[in-house]
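# Tertiary structure, described
Each chain, letter by letter, is given below.
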Amino acid sequence: MKKIIVVFFCIVYSLSSYSQQRFDAAELLSNLKEISSDKYQGRRVGEEGNKLARIFLEKKMKEVGLLQFDSTYQHTFPFLHRTFRKKMEGYNLIGYLKGTEKPEEYIVLSSHHDHVGMHNDGTKQDSIYNGADDNASGTCALLAMAEYFLEHRPKHSIIFAAFDGEEMGLVGSDWFVDHSPIPLKNIILNINMDMISRNEKNEIYICGTRHYPKLKKMLKNSDENSVLTVSFGHDDPKEKNGDDWTFSSDHGPFHKQGIPFLYFGEEDHKDYHQPGDEFKNIDPVFYLNAVNLILDTTILLDNKL
Ligand SMILES: [Zn+2]
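Let me begin by describing the structure that accompanies this report.

What counts as what
- Residues numbered from 1 in each chain as written.
- Predicted model: local features only at pLDDT ≥ 70, side-chain atom pairs only at ≥ 80, totals over all residues.
- Heavy atoms only, no water.
- Phe/Tyr/Trp six-rings, centres within 6.5 Å; stacked < 30°, edge-to-face > 60°.
- Helix = DSSP H or I, 4+ residues; strand = E, 2+ residues; numbered from the N terminus.
- Lys NZ or Arg CZ within 6 Å of the ring centre and 35° of its normal.
- Donors = N, O, S within 2.8 Å, 3.2 Å for Na, K, Ca; no water.
- Tetrahedral: all angles 85-135°; square planar, octahedral: opposite > 155°, others 65-115°.
- Buried < 20%, exposed > 50% of the residue type's maximum accessible area, 1.4 Å probe, protein only.
- Pairing = 2+ DSSP bridges.
- Axes fitted to C-alpha atoms, helices over the stretch in contact; angles between N-to-C directions.
- Contact = heavy atoms within 4.5 Å.

## Details of the packing of aromatic side chains
Enumeration according to the criterion identifies 11 aromatic pairs in this entry. Aromatic side chains Phe-163 and Phe-254 sit 6.3 Å apart centroid to centroid with 45 degrees between the ring planes, which places their arrangement in the tilted category. Pair noted here: Phe-163 is in strand β4 (residues 156–163) and Phe-254 is in helix α7 (residues 251–256), with a separation of 91 residues, a long-range link. Among the aromatic residues, ring-to-ring pairing joins Phe-77, Phe-79 and Trp-175 into one connected group. Across the ring face of Tyr-91, the terminal group of Arg-54 is positioned such that the distance to the ring centre comes to 3.5 Å. Over the ring of Phe-232 we find Lys-216, and its NZ or CZ is 4.8 Å from the ring centre.

## A closer look at the coordination of the zinc ion
Surrounding the zinc ion are the protein donor atoms His-112 (NE2), Asp-134 (OD), Asp-194 (OD) and Asp-194 (OD), at 2.1 to 2.4 Å. Given four donor atoms and angles of 56 to 148 degrees at the metal, the environment of the zinc ion is assigned as irregular. Taken in sequence order, the residues that donate to the zinc ion follow the motif H-x21-D-x59-D. Within this pair, whereas His-112 is found in strand β3 (residues 102–112), its partner Asp-194 is found in the loop between β5 (187–193) and β6 (203–207), the two being separated by 82 residues in sequence. Residue Asp-194 is classed as buried on the basis of its relative accessible area, which comes to 5%.

## Concerning the sheet that holds strand β1 (residues 74–80)
Reading across from one edge, β1-β2-β4-β3-β5-β8-β6-β7 is the order of the eight strands in this open sheet, with mixed pairing throughout. Each of the sheet's edge strands pairs with one partner strand only, and the pair in question is β1 and β7 (229–232). On average, adjacent strands in this sheet sit at an angle of 25 degrees to one another, irrespective of strand direction. Contacts between helix α3 (residues 48–64) and the sheet are confined to β1, β2 (87–97) and β4, with β2 contributing the most and set at about 15 degrees to the helix. Here helix α4 (residues 132–151) sits on the sheet and contacts β2, β3, β4 and β5; the angle it forms with β3, its principal contact strand, is near 150 degrees.

Next up, the structure:
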């Protein structure tokens, strides 16, 4: 199966807009395939599949060589389970790298690693909600970017945060902001990734610049290397029916604290929060281009901020 992935990747890679490899794209795809497989049972916070994913991701963070806060990548937090109405524990996975020029200033790159688990209402054949796009895609991108920045040291320090409990109401990122390992005033930016591996219109959104116009100026022409349609928006509080994404994912708690954010994500698709959100339904070419775009943006802002 690994061979198939490698061959598949070679085709994908030749179709993508980048000829130069900045991270191991075959591993990016194989990581995504792994944590969105049925073995991980939809990675719901507090459940066994979530724990398996956590062990996998922790091992990867170690392999990349990220530094730890309090001698661990796993940062536990308590939360009230919505359905069971009982107290449970979630686990954020946090690692970081020290910056070369402004080590006291931090950029937080984030994604959520949990998904919605398993449900069987009797109407569907498949009861496992694999969450390949939501949000194994952002989580594996986080690891690829960590790999890049370990080789190409950033000017600012970067925290790589895979949050838990996003699907339970942003509980992991909320906890992180309330119990940050560094003073919040030292966090200058949050770049959040949630659902970045498929879109029929080849379009990805950058949400947040309406709140932080300074960032939009800095991002002028930042997408010139990308073949994706890069749109700004979904950050106007006047937008209705969930179209304002200002608080839709883990960037929300950062924004509440006045920390500038950019959120990368695509619009919902037919498999959103459905068992069909599986590896076979992601678009590897789109995904690779999205990860490269987010990496380019992070490098650019690391240089400009
Ligand atoms: Zn999500």
